[in-house]
Structure formats: structure tokens, C-alpha cells
Amino acid sequence: MVSNLNPEVLRHCESRSWGTLCRCRVGTTRPKVTGNTGLHSGLGVQILQPHADISPPRMQTVQALTRRPGQDKATLSPPPLSPLHRGSGRQAHKMFTDHRAEGQRRGHAGHRQDGEPGVILSTAGEWPSDPVLSAGMEGSYILLLLLFGSGSFQDHSVYRSTNRNQDFTAGTHYLLNPIHNVVQSTRGANVTLPCIMRRRPRSYKVKWSKVNPEDPLENLILITNGQHHKNYDKLRSRARLRRSHRLDASLIITNVTLEDEGRYKCELVNGLEDQSLTLSLQLEGVVFPYQSKKGRYLYNYIEAHQACEEQDGRLATYSQLYQAWTDGLDWCNAGWLLEGTVHYPVIVTREPCGGNLPPGIRSYGPKDKLKDRYDAFCFTSALKGHVSFVHGPMTFQEASTACRIRKAEIAKVGHLYAAWKFFNLDHCNGGWLSDGSVRFPITDPREHCGGLPDPGVRSFGFPNEEERLYGVYCYTAM
């Protein structure tokens, strides 16, 4: 029905069946009471008394045309389609014919069925003698057939066809969306990546893979058909399905390593209705800057990657560096990240570190992985062992012997950072590490332990290995 009609007019029109056409005359835009009907035309529609002259001005069907205040021309407003009215053209024609017969039984036009005068009604069973109005109503009838005969108005997401067993939804969702898309874990732990089905298709496969944006090839981990499964990749011995119930396709990774961090995809393969979900595995850990013992900015990307692995770590990602910056990492030397970009974090602004720019992550952008040389930002996670300090003084060689006597090894830089981060290791004495550097961890800053106000791992650099000035930090695996 036209939306800008007086509510009382709408009530009279809508009280009849949908096939009834209400007529009214386009009137002035000012409210005007006509006769004793008690209705007015505040929306530009004037109510006519019974048997009023309908020749000029021209009559229009309320359901088809109306003119709003301030408009020069009438606008076409087809009636809205309710669920009852949606159907085929044959159904619309039958319903329209039925209402014509009903109109013939009711009697003459111009009166409501109860005999009360008011809005002039022309029932579907009689065409008015006015040729202009008759042509308009015939056009409305054709318009109704075209509208109701179009199948494009069916909303398959809401309605069903006559076959009640057929679902017209956009597609059955077999996989439940996970509550959390990010799963946190630590190195050495066991982690579960959830993948639950709503229901099992008759024939399907579930495929787990690791997603690497820089590698277009699919890194398969496991494929199962619900009864049998096959493992792939280097996770072969550490990946398995949980199978806590018949709809459970979750993946369990045991003894998590640093390389396990990343994005994983669970894909249900079911013919044309393949579906998938993606989860991110993140490890709790710590980022530390690292440079060659020969000096600053000497690593290309490949060398930086190897240097981090030698110190019980891997190149940090940008998100890991950002988290470390929010945790207080302030470093003025640029370093490689896993994505192949070069950055450095700054909290205290100073001239050599970007000048007066606000605190943040400084970026050099992507660089040539073979030619460009910088330091590295490494990432490590929790230990499955412990770090202990052996007092000196001793040379580097004597430090190595002292650890072997204790059935341990000289700790790596990553070991020391992990012990500081996860076990609150605090020693005010410098000790040798496996790369020939001397460092010490501080969780409780104090004046005579480096003098810096913030916790962290302090460094004496790479002293002469023959100097007998320091102790040693040993790592014992569990």
C-alpha cells in the first residue's frame, strides 16, 4: 500500500482483501475535511463522498499512483508483497478471479459491505464506467500479475517450496565457528586446535594444513575420512586427532616448538560444499635483539635467521616485536624480522633513533634478503630445563668446562632470556654465554646492577675470551 496515505484511509483499504482496489482523488496538500466522514487529506489524498463526480479531476488507483506534497508528477508505488502474496502468476490470477466473483455477490460499488458510506470502493468484480479509471485498473491488474508471477521475490533463506524436506538456506554449515581464533601456548606444551562439526556429511574428508602467506604451496599436516587418517610434514610424529566424540576433528600438537607458531586451516572437503576455518597458534615468549660478535649490521636475512636458531630462537614476527615494544623493549639498532622487513622499537625518543618522532616501531620496509645487512630480532619461548649461575672468575674455556662437570652446557642467549622471562632469573653478576658474550639478567632493578631503571638482560658485549673476570650461566635440559 502507498506509504504516505492517511492511516484511516489505509485502514479502510486494507480491511478489504488484497485484490480490492481503493480509489481516491488526488487533492490538495493542505488538510481538508470533506463532508461528515470525519477523515481529512493531510497527506495530499482527499476522501470522496459516495456518488461524487469522478470525471475531472482524474481518478488514480491508490495502490498504483499517488502524488506527494510539492511533487509535479505522480510516482508509481507498487503494493508491498507479503509472504501470503508470493507465488506464481497462476496463483495470483486465480486469487484475483475469486475476488471478482466475490465482488459480484456483494453488490454495487460505492458502499462498504456493511452499507456504511465512506471511501468509494470499486470491487474487483466490477470495472468502472469511466474509461480513464478502467484503463488504470486494467494496467494495475497487469502490474499485479507481473509482480506476483516473478520468482525473484522469493526469499529462499526464509521460505520453503512445496517440498518441505528441501532446505533453501545459502548452504549447510558443517563446521562450528571457534569461540577464539587465537590459541595461546608455550614451547614444549601440548596444544589443541579446535575443529568441531555440526553434523557429519555422508562422505567427507577433513584436511589440516599450515598456512604460510609467503609460500603458495599447501603444507599438509593430516587428512582423515573419519575412520582412517594419514600424517604429513615434519609434524608427522607430533600431530594427531583428538576424537573426543564423533563430530570432533580437532588437531593436537604435542611438544610444541618455536616453528609450530603460525596459522592453521581445518578444511572439510565435501564435494561442492567445501568449508574451512582458520586458527592462529601463538606462543608466549620474549623478543631479544642480537648482533654479530664482529660488529653492528653484518647479517643478511639468511644469516640473521641462522644466528637466531643458534641462540635457541627464531626470527621474530612483526606482531611479536610490537608486543615486545608494548612490554618495554627499546632498541636503537634496526634488525631483520621473519617477514623479511627491517624495524626497530623506540620508547624513549632521541636524536639517533628517529629524532623527534613519537615512540613506536620504526620501519625500513622490505629489504634485499641477500644484499642488505642489519642486526636481528629473535624470539624464544619457555624452557624445558633450567639455567643456573656458577661463580668465577674464569675464562671462556674454563666456563665451558665448569658447565660440563655439572652435566650441563653453557647457556645460549635465548636460554638466558627465557629464564629471565618465565622463571624471574635475577643475578647481578656477569657470566659467559655460548656465543662468547657476557650478560646478566635483572628482574629487580637496583643501582649497583647496571643502574638502569627497568628490568631486562644487561650485556657487557663480547670481551676477550682469555679474560678471567666473569662467571658462567649453565643450562640443564630436563
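Below is a short write-up of the structure. Here the residue index of a chain counts from 1 through its sequence in written order. In keeping with the model being predicted, local features are shown solely for residues with a pLDDT of at least 70 and side-chain atom pairs are shown and tallied solely at 80 or more, while totals for entire chains, interfaces and linings include all residues. Note: side-chain values were computed over all heavy atoms of the structure, leaving out hydrogens and water.

Next up on the list: the sheet that holds strand β12 (residues 239-241). Read from one edge to the other, the open sheet built from 3 strands follows the order β8-β13-β12, with strand pairing classed as antiparallel. Looking at the sheet topology across the chains shown, the edges are occupied by β8 (191-193) and β12. The mean inter-strand angle of the sheet, taken between neighbouring strand axes irrespective of direction, is 30°. A pair of strands is labelled paired if DSSP reports no fewer than 2 bridges between them. Each helix corresponds to a stretch of at least 4 residues labelled H or I by DSSP, and each strand to a stretch of at least 2 residues labelled E; elements are numbered beginning at the N terminus. Here an angle of 0 to 180 degrees is reported between the N-to-C directions of two axes, which are lines fitted to C-alpha atoms, with helices fitted over the stretch in contact.

Of note, the amide linkage connecting Gly392 to Pro393 takes the cis form, showing an omega dihedral of 10°. By the secondary structure assignment, Pro393 is in strand β22 (residues 385-394). Although it is not a glycine, Asn255 sits at a positive phi angle of roughly 50°. Summarising the element assignment, Asn255 is placed in the loop between β13 (251-253) and β14 (262-269). Burial classes: relative accessible area under 20% of the type maximum marks a residue as buried, over 50% as exposed, and values in between as partly exposed (1.4 Å probe, protein chains only). Judged by relative accessible area, which is 35%, Asn255 ranks as partly exposed. Positive phi outside glycine occurs at Asp312, with the angle close to 60°. For Asp312, the location among the structural elements is in the loop between α4 (301-310) and β17 (314-315). Taking the relative accessible area as the measure of exposure, Asp312 reaches 18% and is therefore buried.

Moving on to the nonpolar core. Among the buried residues, those of types Ala, Val, Leu, Ile, Met, Phe, Trp, Tyr and Cys that are joined through side-chain atoms within 4.5 Å form a nonpolar core. Judged by nonpolar contacts, the single largest core of 74 residues is most densely connected at Trp208 and Val387. When residues of this core are assigned to their parent elements, the largest contribution, 6 residues, is made by helix α7 (residues 413-423).

A few words now on the pattern of salt bridges. What counts as a salt bridge is simple: a side-chain nitrogen of Lys or Arg found within 4 Å of a carboxyl oxygen of Asp or Glu. Applying the stated criterion to the full structure yields 11 salt bridges. Measuring nitrogen to oxygen at the nearest pair gives 2.7 Å for the salt bridge that ties Glu303 to Arg373. Taken together, the residues Glu303 in helix α4 and Arg373 in the loop between β20 (360-366) and β21 (375-381) connect sequence positions 70 residues apart. The class for Glu303 is partly exposed, based on a relative accessible area of 29%. Residue Arg373 is classed as partly exposed on the basis of its relative accessible area, which comes to 37%. In this structure, Arg468 engages Glu398 in a salt bridge whose closest nitrogen and oxygen atoms are separated by 2.7 Å. Of this pair, Arg468 sits in the loop between β26 (456-459) and β27 (470-477) while Glu398 sits in helix α6 (residues 396-405), and the two are 70 residues apart along the sequence.

Within the secondary structure layout, Gly360 lies in strand β20. Sequence separation between Gly360 and Trp325 is 35 residues, and the spatial gap between their C-alpha atoms is 7.7 Å.

Our focus in this paragraph is the sheet that holds strand β15 (residues 275-283). Reading across from one edge, β7-β15-β14-β9-β10-β11 is the order of the 6 strands in this open sheet, with mixed pairing throughout. The sheet terminates laterally at β7 (182-185) and β11 (229-231), the two strands that pair on one side only. Going from strand to strand, the sheet's axes swing by 20° on average, the running direction of each strand aside.

Pairing of aromatic side chains requires ring centres within 6.5 Å, counting the rings of Phe and Tyr and the six-membered ring of Trp. Pairs whose planes differ by under 30 degrees are stacked, by over 60 edge-to-face, and all others tilted. The tally for this structure, following the rule as stated, stands at 13 aromatic pairs. Here the aromatic rings of Phe288 and Tyr417 are separated by 4.9 Å at their centres, their planes lie at 15°, and the arrangement is stacked. Of this pair, Phe288 sits in strand β16 (residues 285-290) while Tyr417 sits in helix α7, and the two are 129 residues apart along the sequence. In this pair, the class of Phe288 matches that of Tyr417, namely buried. Ring geometry for Tyr297 against Tyr374: centres 5.4 Å apart, planes inclined by 65°, an arrangement best described as edge-to-face. With Tyr297 in the loop between β16 and α4 and Tyr374 in the loop between β20 and β21, this residue pair connects regions lying 77 residues apart in the sequence. Note on Tyr297: relative accessible area 21%, which makes it partly exposed. Three or more aromatic residues joined by ring pairs make a cluster, and in this case those are Tyr297, Tyr301, Trp336, Tyr344, Tyr364 and Tyr374. Just above the ring of Tyr297 sits the side chain of Arg296; from NZ or CZ to the centre is 4.1 Å. Comment: the charge-over-ring label is applied if NZ (Lys) or CZ (Arg) is within 6 Å of the ring centre and within 35 degrees of the ring normal. Lying over the aromatic face of Tyr301, Lys369 brings its terminal NZ or CZ to 4.6 Å of the ring centre.

Function cannot be read off these values alone, since they describe shape.
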